[in-house]
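Chain residues, written in single-letter form:
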Amino acid sequence: MKTHEINGIRPFSALIDACWREPYSLQRLLKDAIAGVTVGIIAIPLAMALAIASGVPPQYGLYTAAIAGIVIAVSGGSRYSVSGPTAAFVVILFPVSQQFGLSGLLIATMLSGVFLLIMGLARLGRLIEYIPLSVTLGFTSGIAITIATMQVKDFFGLQLAEVPENYIGKVNALLHALPTLDYGDTLIGAVTLVVLLLWPKLGLRIPGHLPALLAGTAVMAILAQFDHQVATIGSRFSFELADGSQGQGIPPILPQWLLPWHLPAGDGKPTELSWQLLSALLPAAFSMAMLGAIESLLCAVVLDGMTGKKHHSNAELIGQGAGNIIAPFFGGITATAAIARSAANVRAGATSPVSAIIHSLMVLLSLLMLAPWLSYLPLAAMASLLLLVAWNMSEAHKVVYLLRRAPKDDILVMLLCMSLTVLFDMVIAITVGIVLASLLFMRRIARMTRLSELSAEDGRLVLRVNGPLFFAAAERVFNDLLVRGENYHTIVLQWDAVPVLDAGGLNALQRYIDALPAEKQLVITDIPFQPLKTLARARMKPIDGKLHFYPTLPEALTALNAQ
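Residues numbered from 1 in each chain as written. Predicted model: local features only at pLDDT ≥ 70, side-chain atom pairs only at ≥ 80, totals over all residues. Heavy atoms only, no water.

Under an unreviewed UniProt entry, the name given to the protein is C4-dicarboxylic acid transporter DauA, and the source organism is Serratia fonticola. Recorded in UniProt for the protein, the comment headed Subcellular location (unreviewed entry) runs: "Membrane". (UniProt positions renumbered as here; feature names shortened; annotations may be inferred.)

*Asks:* Lay out the UniProt feature "domain: STAS" (unreviewed entry) in the protein with the relevant residues and their values.
*Replies:* As annotated in UniProt, the feature "domain: STAS" (unreviewed entry) corresponds to residues 450–560 in the numbering used here. Helix makes up 40% of residues 450–560 and strand 29%, with an end-to-end C-alpha separation of 24 Å. (Helix = DSSP H or I, 4+ residues; strand = E, 2+ residues; numbered from the N terminus.)

*Asks:* Can you lay out the packing of helix α4 (residues 90–121) against helix α10 (residues 275–307) for me, pointing to particular residues and giving the numbers?
*Replies:* Look at α4 against α10: their axes get within 6 Å of each other, and the N-to-C directions meet at 60°. The chirality of how α4 crosses α10 is right-handed. Here the contact of α4 with α10 is built from residues that sort into 24 nonpolar, five polar and no charged. (Axes fitted to C-alpha atoms, helices over the stretch in contact; angles between N-to-C directions. Left-handed = near helix turned anticlockwise from the far one by under 90°. Nonpolar A, V, L, I, M, F, W, Y, C, P; charged D, E, K, R; others polar.)

*Asks:* I'd like a description of the sheet that holds strand β9 (residues 547–550), backed by residues and values.
*Replies:* A sheet is described by the order of its strands in space; here five strands give the open sequence β5-β6-β7-β8-β9, paired in mixed fashion. One side of each edge strand has no neighbouring strand; the edge strands of this open sheet are β5 (450–457) and β9. Across the sheet, the mean angle separating the axes of adjacent strands is 20° when strand polarity is ignored. The pairing of strand β7 (residues 490–497) with strand β8 (residues 521–525) spans five bridges and is parallel. Counterpart to Thr490 in the pairing with β8 is Gln521. (Pairing = 2+ DSSP bridges.)

*Asks:* If you had to explain unusual backbone geometry to someone new, which residues and values would you point to?
*Replies:* Non-glycine residue Arg123 carries a positive phi angle of around 60°. When you line up the elements, Arg123 lands in the loop between α4 and α5 (133–156). Despite not being glycine, Asp526 has its phi angle at roughly 50°, a positive value. On the secondary structure map, Asp526 appears in the loop between β8 and α21 (529–537). Under the relative-accessibility criterion, Asp526 is labelled buried at 18%. (Buried < 20%, exposed > 50% of the residue type's maximum accessible area, 1.4 Å probe, protein only.)

*Asks:* Residues and numbers for the environment of Ala87, please.
*Replies:* In this structure, Ala87 sits in the loop between β1 (83–84) and α4. For the pair Ala87 and Ala497, spaced 410 residues apart in sequence, the C-alpha separation works out to 47 Å. Non-local contacts of Ala87, meaning those with residues more than four positions away in its chain, are made with Leu50, Ile143, Ile147, Val389 and Met393. (Contact = heavy atoms within 4.5 Å.)

*Asks:* With reference to specific residues and values, describe the packing of aromatic side chains.
*Replies:* Aromatic rings considered in pairs are described by the distance between their centres and by the relative angle of their planes. According to the stated counting rule, one finds eight aromatic pairs in the structure shown. With a centroid separation of 6.0 Å and 90° between ring planes, the pair formed by Trp261 and Phe329 is classed as edge-to-face. Pair noted here: Trp261 is in the loop between β3 (246–248) and α10 and Phe329 is in the loop between α11 (313–326) and β4 (336–337), with a separation of 68 residues, a long-range link. Accessibility expressed as a relative area gives 24% for Trp261, which makes it partly exposed. (Phe/Tyr/Trp six-rings, centres within 6.5 Å; stacked < 30°, edge-to-face > 60°.)

*Asks:* Kindly report on the nonpolar core, identifying the contributing residues and their values.
*Replies:* Residues Met48, Leu62, Ile233 and Met288 are the most contacted members of the largest nonpolar core, which totals 87 residues. Excluding residues within four positions of it along the chain, Leu62 makes contact with Ile44, Ala47, Met48, Ile250, Val363, Leu367 and Leu374. Counting 26 residues, the second-largest nonpolar core is a separate cluster that includes Phe478, Ile491, Val498 and Leu547. (Core = buried A, V, L, I, M, F, W, Y, C linked by side-chain atoms within 4.5 Å.)

*Asks:* Give me the lowdown on the side chain of Ser103, citing residues and values where you can.
*Replies:* Examined against the element boundaries, Ser103 turns out to sit in helix α4. Those residues in contact with Ser103 that lie beyond four places of it in its chain are Pro260, Trp261, Leu263, Pro264 and Thr271.

*Asks:* Provide a residue-level description of the pattern of salt bridges, including the pertinent values.
*Replies:* Under the definition given, this model contains twelve salt bridges. Lys398 serves as the salt-bridge partner of Glu395, at 3.0 Å between the closest nitrogen and oxygen. In this structure, Arg511 engages Glu475 in a salt bridge whose closest nitrogen and oxygen atoms are separated by 2.4 Å. Taken together, the positions of Arg511 in helix α20 (residues 503–515) and Glu475 in helix α19 (residues 471–484) put the pair 36 residues apart, joining distant regions of the chain. For Arg511, a relative accessible area of 45% puts it in the partly exposed group. Judged by its relative accessible area of 33%, Glu475 is partly exposed. Connected through salt bridges with shared partners, the residues Glu22, Arg28, Arg79 and Lys309 form a single ionic network. (Salt bridge = Lys/Arg side-chain N within 4 Å of Asp/Glu carboxyl O.)

*Asks:* Any details on the packing of α5 against helix α7 (residues 183–198)? Residues and values, ideally.
*Replies:* In the contact formed by α5 and α7, the axes pass within 7 Å of each other and the chain directions differ by 120°. It follows that α5 is oblique to α7 by the angle criterion. Between α5, through Asp154, Phe155 and Phe156, and α7, the contact on the second element is made entirely by Asp185, Thr186, Gly189, Ala190 and Leu193. In terms of residue class, the contact of α5 with α7 is made up of four nonpolar, two polar and two charged. (Parallel < 35°, antiparallel > 145°, perpendicular 65-115°, else oblique.)

*Asks:* Tell me about the pairing of β9, residues and numbers included.
*Replies:* Bridge analysis of β8 against β9 gives four bridges, and the strand direction is parallel. Looking at the pairing, Leu522 lines up with Leu547 of β9. Handedness of the crossover joining β8 and β9 through α21: right-handed. (Right-handed = clockwise from strand over helix to strand, strands pointing away.)

Here is the structure:
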């Protein structure tokens, strides 16, 4: 057992491995600092945009990137992951914030952290391997479609009295609001999006988020010269400090300690912390935890492929849980590892979790030094950022590849997950997707189990069973055997290609034996370890004149010839 291992789990494993077990030099610190600043530049506008999309003021996105980013970097199991608010959570967080307010959202975040902590302590980190690609592609693409749809309002400056909860209602409301399109917002959004798309082609190391926002703000300044005002962070959001002073945009202060249940609820009234409230938030909290676990572990796997290092999945879940439990006490909403920011972290030269910590410190610094300037950012430009995030999240190239090359079963699962995510929610989509994918997979495996005839002479039929004898295949196999063995008095089954025998297969075998006429006998040979163990556990013994077991087929044939 390693020195910092607890019950097989390695808390703080990424930080210890990267900064303690390996020599940490000034040169590595410089690389981490460059990477941290680079990712910080990306994270600042994204954190604000994602907070707005989640239905809360932009500063809470910055609080999330700052506090959860540090906690998870220190306690997690992936040395290159950068955590903060992510686009995947928007479809879950927005309804919660609308119904329960910021208070309910922060409480739900804490509950999700508890779920993540339990998952890590229960060592469920490896279960991510059992979620099929068709399911993950389906729900991430569905989330991307939903996020992109939510940005249409701010991108075009549409005026909506209210936004319906269901997707069809949203689309219908947006279509009816098209006559209210504001050319100023549209121009700002278009310019920002064009810069975002073209900037990577320049080959510069500076992330395109900052130049794109500057371009959008410049267009806003030009429009202001013609007395055309557009919506900005400062015009939409306001704040009130502890001393009673008020302001527009983002408060220029560091995150303050607070108790989430002391904040107002969705109706503006004081929150009443009760079992009823917790029960109402539990489904959303569980959804946040499941999505956080999936996204953080997928991110860690992607980073492993980029760097050749290995993450510690259970420690990563514990770190994500700790971050989501602690961050709400400073106003942080739900956080998880962000794949795009983490990949940028690696490309910028990061060597340890120190880069993620520096990224969070950069976000904190922006609160103190840049808050007044951030308030001038136009909402149409922020919408453009999220449109690009949604496009990248959709992984359209993988979807197209799967549609062209994958089996029909996988295509069906992906399209169903995508549709359910858009029309209902992610939990329904993942649940139905996994169940359907499992059933289709079992059908596929069951079809692989078949009987191959080796010989048929002198009233003796010798068959080889190829494939697992489990509940989905065994019934069909033994029914087929009843028909094929009708004219033979001895049935010999070679099981060397039977890797698995489960309770369903055992039951089908027992019923076949019971259905054998008195003058017939069954011989089974070459039984592998797992089926042999199952037969022994069931205490299935030879029956004189009816059921016999032999180690090998030649031995069985020799014994039968001697009869």
